[in-house]
Amino acid sequence: MTTQRCAVPFHPDPGQPAHPTGSKHYLVTGSNVVKPGAYSSWTSADAQYKGVSGATMKGYKSWTALESAWWAGCDRGEHKHPRNPLLSVTPGHAALIATAVITILAAF
């Protein structure tokens with residue numbers, strides 16, 4: 001069985017780059033955490049961690065180490081994985097796809 005792993009959600013502070021930079025990142029995990037993932041500052045991470053039952057927070061000096069810790073959580077089933085948008089079709093989209101397929105087939 002292949003374990004599904006997802007990208008680490010990164011929550012930068014306002015005004016910070018949308019991708020991880022710097023030498024210290026904080027990982028907040030737990031089933032009751034509203035926004036689990038990586039944070040660029042202790043203050044932002046602590047705001048997600050403090051007072052949340054079952055939450056954990058740990059600092060990492062490298063993105064690679066943080067990512068490995070997140071993936072270990074994937075392997076243990078500790079967080080939900082986002083749906084693959086390519087495989088998720090809403091009823092409205094299904095109707096549009098059906099109409100497009102019928103139109104294409106009618107052209108042949």
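As annotated in an unreviewed UniProt entry, the protein carries the name Ribonuclease H1 N-terminal domain-containing protein and is attributed to Mycena alexandri.

1. A short note on the sheet that holds strand E2 (residues 25-29)
Overall, mixed pairing links the 4 strands, which are arranged E1-E3-E2-E4 in an open sheet. Sheet topology places strand E1 (10-11) and strand E4 (56-60) at the edges, where each strand pairs with a single neighbour. Summarising the sheet, E2 and E4 pair through 5 bridges and their orientation is antiparallel. Bridged to Tyr26 within E4 is Gly59. Strands E1, E2, strand E3 (37-39) and E4 of the sheet are contacted by helix H2 (residues 63-76), whose axis makes an angle of about 10 degrees with E2.

2. What to know about the UniProt feature "domain: Ribonuclease H1 N-terminal" (unreviewed entry) in the protein
Here the UniProt feature "domain: Ribonuclease H1 N-terminal" (unreviewed entry) sits at residues 35-63. Between the first and last C-alpha atoms of residues 35-63 the distance is 18 Å; the span itself is 31% helix and 28% strand.

Parameters and conventions
Per chain, residues are indexed from 1 in the order of the written sequence. Side-chain atom pairs in this predicted model are given and counted only at pLDDT of 80 or more, local residue features only at pLDDT of at least 70, and totals for whole chains, interfaces and linings cover all residues. As a convention, hydrogens and water are excluded, and side-chain values are obtained from all of the structure's heavy atoms. A pair of strands is treated as paired once DSSP finds two or more bridges between them. Each helix corresponds to a stretch of at least 4 residues labelled H or I by DSSP, and each strand to a stretch of at least 2 residues labelled E; elements are numbered beginning at the N terminus. Residue contacts are counted whenever heavy atoms from the two residues lie within 4.5 Å of one another. The convention used is that axes are lines fitted to C-alpha atoms, helices contributing only their stretch in contact, and that angles between N-to-C directions extend from 0 to 180 degrees. UniProt positions are given in the numbering used here, feature names are shortened, and annotations may be inferred rather than shown by experiment.

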